[in-house]
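Chain and residue survey
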Amino acid sequence: MVSVSRFQKLWLRSRRPGIWPASASHPPARCISTVPALEATLDGRARLSRLWVPTGGIAASSTEDSHAKLLRAGFLRQAHPGIFHMLPLGRRVQDKLEALVDKYMFQLGASKLALSSISSEELWAKSGRLANASSELFHFSDRKDGKYLLSPTHEEEITTLVSSTVKSYKELPVRLYQISRKYRDELRPRHGLLRSREFIMKDLYTFDYSSPLALDTYHRVREVYARLFDELKLPYLVAEADSGDMGGNLSHEFHFPTSKGEDHIISCSACDYVANEELAKSPVCQHQDEVIENGPSPSLADVAVWRGISKDKRSLINVWYRSPGPMASSSPDGHEVNMHAIKAILPDFDPSIDDPLSLWTKSHHSAASQEVPTLPRLQRIVNLVDGRLHPSVQQDISPRDSRLPLFPDVLGDSLQDVEIEFIGRDPSTQHPLNLLRIKDGDCCPRCPNGSLKIQKAIELGHTFHLGTRYSEPLAATVATPTGLGPGAVITNSKAGLQRVTEQIPMQMGCHGIGVSRIIGAVADTLADDKGLNWPRVMAPFEVLVVPSKGNDEAALAVYDILHEASSSSKVSPLDLVLDDRSQTFSWKMHDADLVGYPVIVIVGRRWGSEKICEVQCRRLKSRQEVPIGDMAVHVDSLLSQL
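This report concerns the structure included in the present document.

Some points on the nonpolar core
Core analysis: the largest hydrophobic core is formed by 85 residues, its most contacted members being Trp-534, Val-601 and Val-635. Discounting residues that sit within four places of it in the chain, Val-601 has contacts with Val-543, Leu-544, Val-545, Val-546, Val-558, Leu-562, Cys-613, Glu-614, Val-615, Met-631 and Val-635. Counting residues in each nonpolar core, the second largest holds 22 residues, with Val-166, Phe-464, Ala-476 and Met-508 among its members.

So, in structure tokens, the structure goes:
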């Protein structure tokens, strides 16, 4: 039996995540903290009888998904729509994932802090983000009518904090991160932890004095992120991405492929091109050009129109494109038009409104019945013409051919004095517009021979090179030698002897990982009909010891032997737990499958005479009878694959 004093020493050692000998060039394979189950510990052994695990009481359904399994297995409970309580098993998974994140942030030399969840509307207005993000923010006022919000992200606060302290380029670089609760007023929270209103995120913020140094930092973070996701031993994608409202012009996303994903990732069959659909582009292939130019003139029945509306409801947007044939492959969710392409040309476009004509119909009826119209008067019609349309059709659209529905009938007589505009080329590049979503088999924009493939995925991490997006509006500057400039790198310390007279904005980066979202995504990726499955690094416990009837004392001996063997190794000890609850053996085994322990050691009928246990690993489809002398090596071999 392991003595209490020795167990305490092991616990103290495990409380130092990410620490390895200075002489080691790389951390050991399992150099993360094994979170001690102190609340579950009795006589130095972790026991499920000492841990609150509210399994049972929730019946399984025929359509049960991974989120339902998390609820039924006792990892979490829903408090309100999109808001969840983490129960002890769920908290252990979260703690281990946070320890993994700590390990890799330590490799970057980042310091951990904790910022307040509350920020001010004034600060967000100063950065220019308040208006664009307002609908997704939780707003509140104090008793003095001060305007505040619950932060979904902390760029404004961290920039203000650092700029109030760091004054010289000599104090850079600065690397700060936190793992904290974030808030977003989701319109339709769904899929449990994958799309919630309160969530746990890791945010790393980096500050450098020049653009080359900031870019070097960015690429270092990407490399560390890759190593972190590699340790989960699950397939993931790294995609070029659009920075959106965060700002900057360089970003990458880390995704798990999953049928529940709300992102579409585009990848090439022949080269390393991978991009989020928001950023991905597929040129019109040469053979498509030839068909359009040299093929028979299409009839107007081959022309389709999609209609959108501007945010101020004063502009109608017509998108003209070639109607897909009955045999054409469809886009992932049935929509042909690329909303991101429209938004890039018309920033005022409102993609949240699927059917603008119904709004105008309602407004028209209100006006006809002498009620106040629900929409302002239409002032502008913008016609966007996709470059795949046959040239003859494009010529018919511009002169307002009466056979084409340029103006919806519902608009009636309201078209007087309406400005009509036609756009057939990208204003910035003068290339023909590409307004349709990418489909499987489209041409690759990077290589001549590749074809594109679409995968659904869930975003788990995102890296942004922000540049001066926040440092400029928030006046986060440092003093530098005159003439240093944003692109310079000081290689000689004597340069600091120059007279410091110039203030330049700091170059920033922000890099997020969705901790609670990873829990939901991993559960979704690995769950099977029997229950959940966890990677070793984030399982609530690595090994479960289950005694059959009459083998309770024998299970204690097996627990101690495994713990002693792993404690004498060079890596942290096994994270063991003993199922000593009063339920039947059959119930315990069903519960073990539902919870998803990586390895289960069953102390059964062969223990008494042969000292043999059954060792199961459902994810590896392994079930073997193992003598106790070989047990530690066999268990470690299984865990090393998970």
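As for the sheet that holds strand β18 (residues 419-423)
Strand order in this open sheet of four strands is β15-β16-β17-β18, and the pairing throughout is mixed. If you trace the sheet from one side to the other, it starts and ends with β15 (303-309) and β18, each paired once. In this sheet, neighbouring strand axes are inclined to one another by 20° on average, regardless of whether the strands run parallel or antiparallel. Note: strand β17 (residues 380-385) against β18, five bridges, orientation parallel.

Section: the pattern of salt bridges
Inspection of the entire model under this criterion finds 37 salt bridges. Between Lys-96 and Asp-575 there is a salt bridge, and its shortest N-O distance comes to 2.5 Å. Taken together, the positions of Lys-96 in helix α3 (residues 88-107) and Asp-575 in the loop between α13 (552-567) and β24 (576-578) put the pair 479 residues apart, joining distant regions of the chain. Assessed through its relative accessible area of 5%, Asp-575 is described here as buried. Taking the shortest distance from any N to any O, the salt bridge between Glu-198 and Arg-181 comes out at 3.4 Å. Here Arg-181 lies in strand β9 (residues 174-183) and Glu-198 lies in strand β10 (residues 198-208), a separation of 17 residues in the sequence.

Some words on unusual backbone geometry
Following Leu-172, the chain continues to Pro-173 via a peptide bond in cis, the omega torsion being 10°. Along the chain, Pro-173 turns up in the loop between α6 (155-163) and β9. Non-glycine residue Lys-313 carries a positive phi angle of around 65°. Among the structural elements, Lys-313 can be located in the loop between β15 and β16 (315-322). One non-glycine residue, Lys-621, lies in the positive phi region at around 55°. On the secondary structure map, Lys-621 appears in the loop between β26 (612-617) and β27 (622-627).

Scoring rules and cut-offs
Residues numbered from 1 in each chain as written. Predicted model: local features only at pLDDT ≥ 70, side-chain atom pairs only at ≥ 80, totals over all residues. Heavy atoms only, no water. Core = buried A, V, L, I, M, F, W, Y, C linked by side-chain atoms within 4.5 Å. Buried < 20%, exposed > 50% of the residue type's maximum accessible area, 1.4 Å probe, protein only. Contact = heavy atoms within 4.5 Å. Pairing = 2+ DSSP bridges. Helix = DSSP H or I, 4+ residues; strand = E, 2+ residues; numbered from the N terminus. Axes fitted to C-alpha atoms, helices over the stretch in contact; angles between N-to-C directions. Salt bridge = Lys/Arg side-chain N within 4 Å of Asp/Glu carboxyl O.

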